[in-house]
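Residue-level structure breakdown
What follows is each chain in one-letter form.
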Amino acid sequence: MMNYTTLLKEYNLKVTPQRVAIVEELYMNGHMNIDDLYKKLLAKFPSISLATIYKNVNAMIEKVFLNEVKIPNSKSVYELVKEEHSHLVCSSCGRIEDLELDVSSLVEEATTLKNYTIKQSSVVFTGLCPHCAK
């Protein structure tokens with residue numbers, strides 16, 4: 001089991017019960033939007049506000065502890081920072097999966113075509129998961 005308190009301290013984030021709960025939910029669920037996080041945390045902290053969730057998530061993004069994943073035609077989801085990866089999104093059930101994919105050739109091609117200095121890339125594939133495709 002991961003020690004969420006130590007992990008927060010490693011990123012110079014103040015350890016609070018709400019932050020520990022956010023990290024725990026994201027660790028267990030992988031990707032969650034703010035509304036889903038709020039529903040889960042409300043069960044543990046009946047007086048927690050949506051503003052508190054936003055404030056904590058934004059603080060964790062600023063410390064590069066969480067990533068925001070922008071999903072086309074849907075709310076952004078959040079995940080714990082990990083190695084660079086892409087995402088697969090099921091357009092039927094909404095399932096989101098990480099995909100280890102080398103996008104360096106795409107970055108190189110984009111750099112060559114438009115002379116940009118690319119610092120970050122985000123690739124999201126949308127389709128049907130194996131379960132929904134049946």
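Residues numbered from 1 in each chain as written. Predicted model: local features only at pLDDT ≥ 70, side-chain atom pairs only at ≥ 80, totals over all residues. Heavy atoms only, no water.

Topic: unusual backbone geometry
Here Asn 73, not a glycine, exhibits a phi torsion of approximately 60°, which is positive. Among the secondary structure elements, Asn 73 is positioned in the loop between β1 (66–69) and β2 (77–80). A relative accessible area of 87% places Asn 73 in the exposed class. We note that Asn 115 has phi near 60°; this positive angle belongs to a residue other than glycine. Counting through the fold element by element, Asn 115 comes out in the loop between α5 (104–114) and β5 (124–127). Owing to a relative accessible area of 68%, Asn 115 belongs among the exposed residues under this scheme. (Helix = DSSP H or I, 4+ residues; strand = E, 2+ residues; numbered from the N terminus. Buried < 20%, exposed > 50% of the residue type's maximum accessible area, 1.4 Å probe, protein only.)

Let's talk about the packing of helix α3 (residues 34–44) against helix α4 (residues 50–62)
At a minimum axis distance of 10 Å, the contact between α3 and α4 shows a crossing angle of 120°. Taken as a pair, α3 and α4 cross one another with a handedness that is right-handed. Counting all contacts with α3, which are made through Ile 34, Leu 37, Tyr 38 and Leu 41, the residues of α4 involved are Leu 50, Ile 53, Tyr 54 and Val 57. Tallied by class, the residues present in the contact of α3 with α4 amount to eight nonpolar, no polar and no charged. (Axes fitted to C-alpha atoms, helices over the stretch in contact; angles between N-to-C directions. Left-handed = near helix turned anticlockwise from the far one by under 90°. Contact = heavy atoms within 4.5 Å. Nonpolar A, V, L, I, M, F, W, Y, C, P; charged D, E, K, R; others polar.)

All we've got here are geometric facts, nothing functional implied.
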